[in-house]
Amino acid sequence: MRRWRGALVAALLLQSAPAPAETPVETPPPPLTNSRYDEDYRYLLDPAAGSGAFWERFKAIPLTPGGTVSLSTGLEARLRGEAVRNSGWGQDEPRSDAYGLWRLLPYADLRVGPALRVFGQLIMADTAGKLGPEGAPDVDRADLLQGFADLSVPLGSAQGTLRAGRQMLAYGSERLISLRYGANVPRAFDAVTGIVQSGPWRVDGFLGRPVRAAPDLFDDRRDGGRSAWGLYATRGAGAGWGTGLDAYYIGYGNRAASFEGGQGREERHTLGTRLFGKADGWDWNWEAMLQTGRIDGDTIAAWSVASDTGHRWESVPLRPRLGLKANIASGDRDPGDGRLGTFNPLFPRAKYFGELTPVGPLNLMNLHPSVDLALSDEFSLSASAIAYWRTSLGDGVYDLSGTLLRDGAGSRSRYIGTQGELVLSYAAGRTVEGLLSYSLFRPGSFLQDTGPAKTIHFVGVEAVFKF
């Protein structure tokens, strides 16, 4: 009896004793993105989930008891200086310029339960001391960059989201649909997007028009002359797959298209696929695109293949990565044959081939070897060289927006020129980034045959604060 009485007392004492304190598990924050709307900070509604970082007080602010309605806010501030000599190989005016660029991108993200979400982001961007003309990617003094609503519903084992409003769109490597983030004014669309997420697969369908950025206050309007629609499916490289896979269709309309081989109303359809992944120090990103359609009664038959392959040695000092990009985009062989062969990159990313990008991926072949070095935890250095050729001798050279720079009739040479670039990058934690770059573009025989052919020199310096 005494034995049972002692066991009962011991059990009561153990029950009443305080449990050992559990060490709170710190939840890693979502990675910072350029579009910002993919960041979900609702884990911070749990007071034990934070790390004490200064920016956490601006995220997941509960507006109702229990945090059913919450608000996250954030900001990007970017200062950039650029200097260019012999712009347009000495053809553009002014030939040399040095100027500053700045932008502010504040945002607010309101979430109401698991189903409803409203996201808004403003842009304030301008130049300082720029002599040349201020283009749409440079100045937008105050406007709505993004403003949309999401409605999310379960679809069996999948999750569906309907998004409507002004939004930035980016898919894959951003070769065709991009944020244009490197420019001072990113690109947005007035669009409707449907998203279905099921396991490792995500499928997006979208329909919209690009927003035409204008310099004055709240005067941005959708571009009534251009439109885009498509279906984009992607599967990540995890979950037992060494390689990720994208497959997509993108439609494009332009009421006033212009290429050396054809002008007029353009309707173009792109089918593409991309393979990407990492394994054993190797990384790869390969993409193939086929385009069909019509322009002013002529047929369109164009294509492009792009690749980026590299290897990083993690155990070697400076952790070097050697990489090689090889790209080819078709051009038009004969302007009078009733068929346009010039590839159209639609809405490509800014700084497509580097900090300096005087030519675009139309009628172009290039080889782009590079080496990247990790100088420390904060600093990295990259060096690259790029050689450019024309794909078709019957077509000219275009810039990134698709504007014809030099027509193809003045030369039978393929060689456009060679570019070299050095970039020193800095990143401190999540919030501060910096960059210093020097680039030059030495014209080749095609440019020498068709107009001014001075070497372009370009310097860029940038500082970014983001939370």
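Here is a short report on the structure shown in this document. The model shown is predicted, which means the values in this text are computed figures rather than measured ones.

**Comments concerning the environment of proline 317**
And step 1. Tracing the backbone through its elements, the reader meets proline 317 in the loop between strand 14 (298-312) and strand 15 (321-329).
And step 2. Overall, the relative accessible area of 67% leaves proline 317 in the exposed class.
And step 3. Along the backbone, proline 317 and phenylalanine 218 are 99 residues apart, and their C-alpha atoms lie at a distance of 51 Å.

**Side note on the packing of aromatic side chains**
And step 1. With the rule as written, the count across this model stands at 22 aromatic pairs.
And step 2. For the pair tyrosine 41 and tryptophan 55, a centre-to-centre distance of 5.9 Å together with 65 degrees between the ring planes defines the contact as edge-to-face. Taken as a pair, tyrosine 41 in the loop between helix 1 (2-16) and strand 1 (61-62) and tryptophan 55 in the loop between helix 1 and strand 1 lie far apart in primary sequence, 14 residues in all. Considered together, tyrosine 41 and tryptophan 55 belong to a single accessibility category, that of buried residues.
And step 3. Taking the centre distance of 5.6 Å and the plane angle of 75 degrees together, the rings of tyrosine 252 and phenylalanine 347 count as edge-to-face. Here phenylalanine 347 lies in the loop between strand 16 (339-340) and strand 17 (364-374) and tyrosine 252 lies in strand 11 (residues 243-259), a separation of 95 residues in the sequence.
And step 4. You can call tyrosine 252 buried: its relative accessible area is 3%.
And step 5. The exposure class of phenylalanine 347 is buried, given its relative accessible area of 1%.
And step 6. Put simply, the rings of Trp89, Tyr352, Phe353, Tyr388 and Phe441 pair up and form one aromatic cluster.
And step 7. Looking at arginine 163, its charged tip hangs above the ring of tyrosine 37, at a distance of 4.7 Å from the centre.

**What to know about the nonpolar core**
And step 1. Among the nonpolar cores identified, the biggest contains 18 residues, and Leu169, Leu176, Ile177, Phe189, Phe206, Ile250 and Phe347 are the most heavily contacted of them.
And step 2. Elements with a minimum of two residues in this core: strand 7 (189-198), strand 10 (226-235) and strand 11.
And step 3. Per-element tally for this core: the top contributor is strand 11, with three residues.
And step 4. Among all residues touching phenylalanine 206, those that are not within four sequence positions of it are Leu169, Tyr171, Ile177, Val192, Thr193, Ala228, Trp229, Gly230, Leu231 and Ile250.
And step 5. One finds Tyr352, Tyr388, Val397 and Ile416 within the second-largest nonpolar core, a separate group that totals 17 residues.

**Structural notes on the environment of proline 186**
And step 1. If you trace the backbone, proline 186 turns up in the loop between strand 6 (158-167) and strand 7.
And step 2. With a relative accessible area of 4%, proline 186 lands in the buried category.
And step 3. Each C-alpha atom, one on proline 186 and one on isoleucine 123, is 9.1 Å from the other, the two residues being 63 residues apart in sequence.
And step 4. Once you skip the residues sitting within four places of it in the chain, proline 186 turns out to touch Arg103, Ile123, Leu145, Met168, Leu179 and Arg180.

**Comments concerning unusual backbone geometry**
And step 1. With omega at -5 degrees, the peptide bond leading from glutamate 93 into proline 94 counts as cis.
And step 2. A positive phi angle is found at glutamate 174, which is not glycine, with a value near 60 degrees.
And step 3. Along the chain, glutamate 174 falls in the loop between strand 6 and strand 7.
And step 4. At leucine 346, a residue that is not glycine, the phi angle is positive and equals roughly 60 degrees.
And step 5. Along the chain, the position of leucine 346 falls in the loop between strand 16 and strand 17.
And step 6. A residue is classified by how much of its surface remains accessible, and leucine 346, at 8% relative accessible area, is buried.

**Regarding the pattern of salt bridges**
And step 1. Within the structure shown, the criterion is met by 29 salt bridges.
And step 2. Put simply, arginine 80 and glutamate 355 hold a salt bridge, and the shortest N to O gap is 2.7 Å. Of the two residues, arginine 80 sits in strand 2 (residues 69-85) while glutamate 355 sits in the loop between strand 16 and strand 17, which places them 275 residues apart along the sequence.
And step 3. Exposure remark for arginine 80: the relative accessible area of 3% places this residue in the buried category.
And step 4. Taking relative accessible area as the criterion, glutamate 355 reaches 15% and is therefore assigned buried.
And step 5. One salt bridge connects glutamate 287 with arginine 175, and the closest N-O pair in it is separated by 2.5 Å. With glutamate 287 in strand 13 (residues 282-295) and arginine 175 in the loop between strand 6 and strand 7, this residue pair connects regions lying 112 residues apart in the sequence.
And step 6. What makes glutamate 287 buried here is its relative accessible area of 5%.

**Observations regarding the pairing of strand 17**
Successive residues of a regular strand alternate their side chains across the two faces of the sheet.
And step 1. Where strand 15 meets strand 17, nine bridges bridge the pair, whose relative direction is antiparallel. Within strand 17, the position partnered with lysine 325 by the bridge is histidine 368.
And step 2. Pairing between strand 17 and strand 18 (residues 379-389): eight bridges, direction antiparallel. From the neighbouring strand, leucine 367 faces strand 18, where its bridge partner is alanine 387.
And step 3. Linkage of strand 17 to strand 18, two consecutive antiparallel strands, is achieved through a turn of four residues.

**Some details on the pairing of strand 7**
And step 1. Note that strand 6 and strand 7 share nine bridges and pair antiparallel. Residue pairing for strand 7: glutamine 159 is matched across the bridge by glutamine 197.
And step 2. Inspection of the sheet shows strand 7 paired to strand 8 (residues 201-212) by 10 bridges, in the antiparallel sense. Counted as the bridge partner of alanine 191 is glycine 208 from strand 8.
And step 3. Count of turn residues in the strand 7/strand 8 antiparallel hairpin: two residues, of which glycine 199 carries a positive phi of about 60 degrees.

Criteria and cut-off values
- Residues numbered from 1 in each chain as written.
- Predicted model: local features only at pLDDT ≥ 70, side-chain atom pairs only at ≥ 80, totals over all residues.
- Heavy atoms only, no water.
- Helix = DSSP H or I, 4+ residues; strand = E, 2+ residues; numbered from the N terminus.
- Buried < 20%, exposed > 50% of the residue type's maximum accessible area, 1.4 Å probe, protein only.
- Phe/Tyr/Trp six-rings, centres within 6.5 Å; stacked < 30°, edge-to-face > 60°.
- Lys NZ or Arg CZ within 6 Å of the ring centre and 35° of its normal.
- Core = buried A, V, L, I, M, F, W, Y, C linked by side-chain atoms within 4.5 Å.
- Contact = heavy atoms within 4.5 Å.
- Salt bridge = Lys/Arg side-chain N within 4 Å of Asp/Glu carboxyl O.
- Pairing = 2+ DSSP bridges.

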